[in-house]
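Below, each chain spelled out in residue letters.
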Amino acid sequence: MTDTASLPEGYEISTDPDRLDVDRVHQWLSTDAYWAQGRPLEKQEQAIAGSLNFGVYDKVSGDQVAYARVITDRATFAWLCDVYVDRSVRGKNIGTAMVGVVRDHLEAFGVRRVLLATADAHGVYAKLGFAPLADPDRWMALLFE
């Protein structure tokens, strides 16, 4: 497995759902994330409630600066989604470090497969061991429009 990058000094990561700044997460995703444009707050709250959530926080201010959500059975499978780093802290390795922590957290459960979809961050995920599907023709999707 690829080494996990460390969070920069002054930041910490937590899976405590009570620490999440749900309004901030919703603002990020619904206005600035190509995959979640226009997502209603109620849907975001529902997604958070049914997921394992990771937040990165500034240790001094307590402000949340990044977010990732995982849908998992905590045994065999996980879907990593809604990965977002606030624009003000991009370029500090926060996203890579956060996804590394997520990966290690899931590996500790014994999860065998973690999927994700990205249009623009293949290089970030590849550094952490993610690769294109070996047999994409085996995978199917059901989309409700």
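Our subject is the structure listed above.
What counts as what
- Residues numbered from 1 in each chain as written.
- Predicted model: local features only at pLDDT ≥ 70, side-chain atom pairs only at ≥ 80, totals over all residues.
- Heavy atoms only, no water.
- Salt bridge = Lys/Arg side-chain N within 4 Å of Asp/Glu carboxyl O.
- Helix = DSSP H or I, 4+ residues; strand = E, 2+ residues; numbered from the N terminus.
- Buried < 20%, exposed > 50% of the residue type's maximum accessible area, 1.4 Å probe, protein only.
- Polar contact = N/O pair within 3.5 Å; in protein donor to acceptor, adjacent residues only side chain to side chain.
- Contact = heavy atoms within 4.5 Å.
- Phe/Tyr/Trp six-rings, centres within 6.5 Å; stacked < 30°, edge-to-face > 60°.
- Lys NZ or Arg CZ within 6 Å of the ring centre and 35° of its normal.

Peer 1: If you had to explain the pattern of salt bridges to someone new, which residues and values would you point to?
Peer 2: For side chains bearing opposite charge, pairing can occur when the charged atoms are close. Under the defined criterion, the tally for this structure stands at 8 salt bridges. One salt bridge in this structure joins aspartate 82 and arginine 39, with 2.8 Å as the shortest N-O distance. Linking aspartate 82 in strand S4 (residues 77-85) with arginine 39 in the loop between helix H1 (22-32) and helix H2 (41-49), this pair joins segments that are 43 residues apart in sequence. Under the relative-accessibility criterion, arginine 39 is labelled buried at 18%. The network of salt bridges with shared partners includes Asp32, Arg87 and Arg90.

Peer 1: Describe the side chain of threonine 72, and please don't skip the residues or the numbers.
Peer 2: Within the secondary structure layout, threonine 72 lies in strand S3 (residues 64-72). Within the structure, threonine 72 has its side chain in polar contact with the backbone nitrogen of arginine 74 (distance 2.9 Å). In terms of polar contacts, threonine 72 uses its side chain to reach the backbone carbonyl oxygen of phenylalanine 77, at 2.6 Å. Once residues within four sequence positions are removed from consideration, threonine 72 is found in contact with Phe77, Ala78, Leu106 and Val111.

Peer 1: Help me get a handle on the packing of aromatic side chains, residues and values and all.
Peer 2: Applying the stated criterion across every chain, the model contains 3 aromatic pairs. Ring plane angle 85° and centroid distance 5.0 Å describe the contact between tyrosine 34 and tryptophan 35, whose orientation is recorded as edge-to-face. Here tyrosine 34 falls in the partly exposed class, since its relative accessible area comes to 43%. Judged by relative accessible area, which is 37%, tryptophan 35 ranks as partly exposed. Ring plane angle 75° and centroid distance 5.8 Å describe the contact between tyrosine 125 and phenylalanine 130, whose orientation is recorded as edge-to-face. Accessibility expressed as a relative area gives 19% for phenylalanine 130, which makes it buried. Above the ring of tyrosine 57, the side-chain terminus of arginine 19 is found at 4.0 Å from the ring centroid. Of note, arginine 90 hangs over the ring of tyrosine 84, and the distance from its end group to the ring centre comes to 5.0 Å.

Peer 1: Lay out the environment of isoleucine 13 with the relevant residues and their values.
Peer 2: Take isoleucine 13: it is sitting in strand S1 (residues 11-14). Using a relative accessible area of 27% as the deciding quantity, one classes isoleucine 13 as partly exposed. The spatial distance from the C-alpha of isoleucine 13 to the C-alpha of glycine 110 is 21 Å, given a sequence separation of 97 residues. Beyond its immediate sequence surroundings of up to four residues, isoleucine 13 is in contact with Leu7, Phe54, Gly55, Val56, Met98 and Val101.

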